[in-house]
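Structure at a glance
Each chain is listed here by its residues.
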Amino acid sequence: MTEAILLVGGKGTRLRPLTVHTPKPMVPAAGVPFLTHQLARARAAGVEHIVLATSYLAEVFEPYFGDGSALGLHIEYVTEEEPLGTGGAIRNVVSRLHSGPDEPVLVFNGDILTGLDIRALVRTHETSGADVSLHLTQVSDPRAYGLVPTDGTGRVLAFLEKPQTAEEIVTDQINAGAYVFRRSVIDTIPAGRVVSVERETFPGLLAAGAHLQGMVDSTYWLDLGTPAAFVRGSADLVLGKAPSPAVPGRCGDRLVLPTARVAPDAKLAGGTVVGEGAFVAEGARVFGSTILPGAVIEPGAVVTDSLIGTRARVGERAVLTGAVIGDGAVVGARNELREGVRVWCDARIPAGAVRFSSDQ
């Protein structure tokens with residue numbers, strides 16, 4: 001296997017306002033666009049040619065990655081004029097593939113952070129003679145996912161929608177978003193219309209008697225679809241819990257990019273990232289958070305499990321927990337923002353305007 005398709009066309013609506021100006025795969029995680037980690041891991045597994053299936057803010061990708069040579073890859077870009085879904089996106093790039101009909105093609109989603117052994121998935125595909133092989137992972141609570149039960153040999157038996165009752169939970173195995181396709185199977189996906197690989201392609205293949213093989217790999221796996229998950233994923237990359245050859249520095253409690261400035265008495269911990277040109281002032285404390293390029297954390301502010309957007313500003317002695325601050329937004333001094341709050345791009349919150357405690 002030497003080529004892959006990477007699906008990076010989604011709008012990332014669950015991540016807004018982070019994705020107002022930036023496509024989800026290009027939001028920085030551990031100091032570089034998240035997509036960089038995926039590309040680097042694919043290259044480490046032997047992939048040489050990758051086709052990026054783009055749609056939303058498609059113009060952002062090529063200026064950054066170019067032809068892929070800096071990563072040891074050959075990258076091509078295909079843009080959907082209208083969103084085609086996961087299956088439609090795979091089919092839409094088929095003309096760029098070089099593999100023969102029986103050769104394997106890796107396909108993976110642009111919002112999954114995983115420690116998957118890619119080579120092992122390819123070996124499973126080849127030794128089982130499957131038409132499609134799927135990475136499966138085990139989760140403690142599968143109710144939010146589609147279930148993929150398998151037999152004793154790993155052959156997929158069914159694709160079950162999100163279970164509604166305890167009786168419907170027949171397995172803890174879920175689709176983890178990475179696949180190996182026999183190239184000829186991609187050619188059978190309908191062209192020019194919306195197709196869901198999860199809801200249409202895979203169940204259809206199974207019904208037609210195709211061989212779909214599951215490989216359970218329960219190493220690190222995280223869907224970065226929500227702000228809280230994205231912040232956690234970035235921190236885990238810095239801490240070394242999630243593997244990536246693309247982290248720009250040693251793994252540890254913090255990652256400070258070269259042009260960032262951090263006051264000597266500021267405290268950074270928990271996998272915090274301080275991006276290029278950002279500034280963390282004296283007395284500030286930042287835990288498990290991502291500070292994007294050009295952002296400012298003013299004196300005495302406390303930022304925990306939060307993401308601070310590009311050129312945003314967090315005021316003096318403000319306290320943020322589980323917050324997402326959009327690009328260019330300003331959180332005034334002494335505000336208190338708690339779990340789940342999203343401050344939109346360029347918004348302004350006056351000093352002391354939002355609090356959960358008294359003003360004393």
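See the structure printed just above.
Quick summary incoming for the structure in this document.

Cut-offs used in this document
- Residues numbered from 1 in each chain as written.
- Predicted model: local features only at pLDDT ≥ 70, side-chain atom pairs only at ≥ 80, totals over all residues.
- Heavy atoms only, no water.
- Salt bridge = Lys/Arg side-chain N within 4 Å of Asp/Glu carboxyl O.
- Helix = DSSP H or I, 4+ residues; strand = E, 2+ residues; numbered from the N terminus.
- Buried < 20%, exposed > 50% of the residue type's maximum accessible area, 1.4 Å probe, protein only.
- Pairing = 2+ DSSP bridges.
- Axes fitted to C-alpha atoms, helices over the stretch in contact; angles between N-to-C directions.
- Contact = heavy atoms within 4.5 Å.
- Phe/Tyr/Trp six-rings, centres within 6.5 Å; stacked < 30°, edge-to-face > 60°.
- Lys NZ or Arg CZ within 6 Å of the ring centre and 35° of its normal.
- Core = buried A, V, L, I, M, F, W, Y, C linked by side-chain atoms within 4.5 Å.

For the rest of this paragraph, the subject is the pattern of salt bridges. Evaluation of the coordinates by the stated rule reveals 11 salt bridges. Note that Glu76 and Arg96 form a salt bridge whose closest N and O atoms lie 3.1 Å from each other. Of this pair, Glu76 sits in strand E5 (residues 74–79) while Arg96 sits in the loop between helix H3 (85–92) and strand E6 (104–109), and the two are 20 residues apart along the sequence. The class of Arg96 is partly exposed, set by a relative accessible area of 30%. Across the pair Asp102 and Arg182 runs a salt bridge whose closest N-O atoms are separated by 3.6 Å. One end of the pair, Asp102, is in the loop between H3 and E6; the other, Arg182, is in strand E9 (residues 173–182), and 80 residues separate them in sequence. Looking at Asp102, the relative accessible area reads 58%, which means it is exposed. Linked by salt bridges that have partners in common, Asp102, Asp131 and Arg182 make up one network.

The sheet built from 7 strands is open, its strands ordered E5-E4-E1-E6-E9-E8-E10 with mixed pairing. What marks the edges here is a single partner per strand, and that holds for E5 and strand E10 (212–216). Taking each pair of neighbouring strands and ignoring which way they run, the sheet shows an average axis angle of 25°. Where strand E8 (residues 132–138) lies against E10, 5 bridges are found, and the strand directions are parallel. By the bridge assignment, His135 is partnered in E10 with Met215. With respect to the sheet, H3 is in contact with strand E1 (3–7), strand E4 (49–54), E5, E6 and E9, its orientation differing from that of E1 by roughly 140°.

Let's shift gears to the packing of aromatic side chains. For the structure on display, the rule yields 7 aromatic pairs. Chaining the aromatic ring pairs together yields one cluster made of Phe159, Tyr179, Phe181 and Phe202. For Arg261, the ring lying beneath its charged end belongs to Phe279, and the centroid distance is 4.4 Å.

A large share of helix H1 (residues 34–44) lies buried, amounting to 9 of its 11 residues. Just downstream of H1, Gly46 is the residue with a positive phi angle, here 105°.

This next bit is on the pairing of E6. With 6 of its 6 residues buried, E6 lies for the most part within the structure. Of the two faces of E6, the one holding Pro104, Leu106 and Phe108 and the one holding Val105, Val107 and Asn109 are both buried throughout. Bridging between E1 and E6 involves 4 bridges; their strand directions are parallel. Bridge pairing links Ala4 to Leu106 in E6.

The next point concerns the sheet that holds strand E16 (residues 279–280). If you walk across this open sheet you meet the 6 strands as E13-E16-E19-E22-E25-E28, and the pairing is parallel. Looking along the sheet, the strands with just one partner apiece sit at the ends: strand E13 (261–262) and strand E28 (348–349). When E16 meets strand E19 (residues 296–297), the two strands line up parallel, connected through 2 bridges. Paired with Val280 across the bridge in E19 is Ile297.

Counting residues in each nonpolar core, the largest one holds 28 residues, and the members touching the most others are Ile5, Ile90, Val132, Phe181 and Phe202. Those elements that place two or more of their residues in this core are E1, E4, H3, E6, E8, E9, helix H5 (183–186) and helix H6 (197–207). Sequence-distant contacts of Ile90, that is, excluding residues within four places in its chain, are made with Ile5, Leu7, Val107, Phe181, Ile186, Ile189 and Val197.

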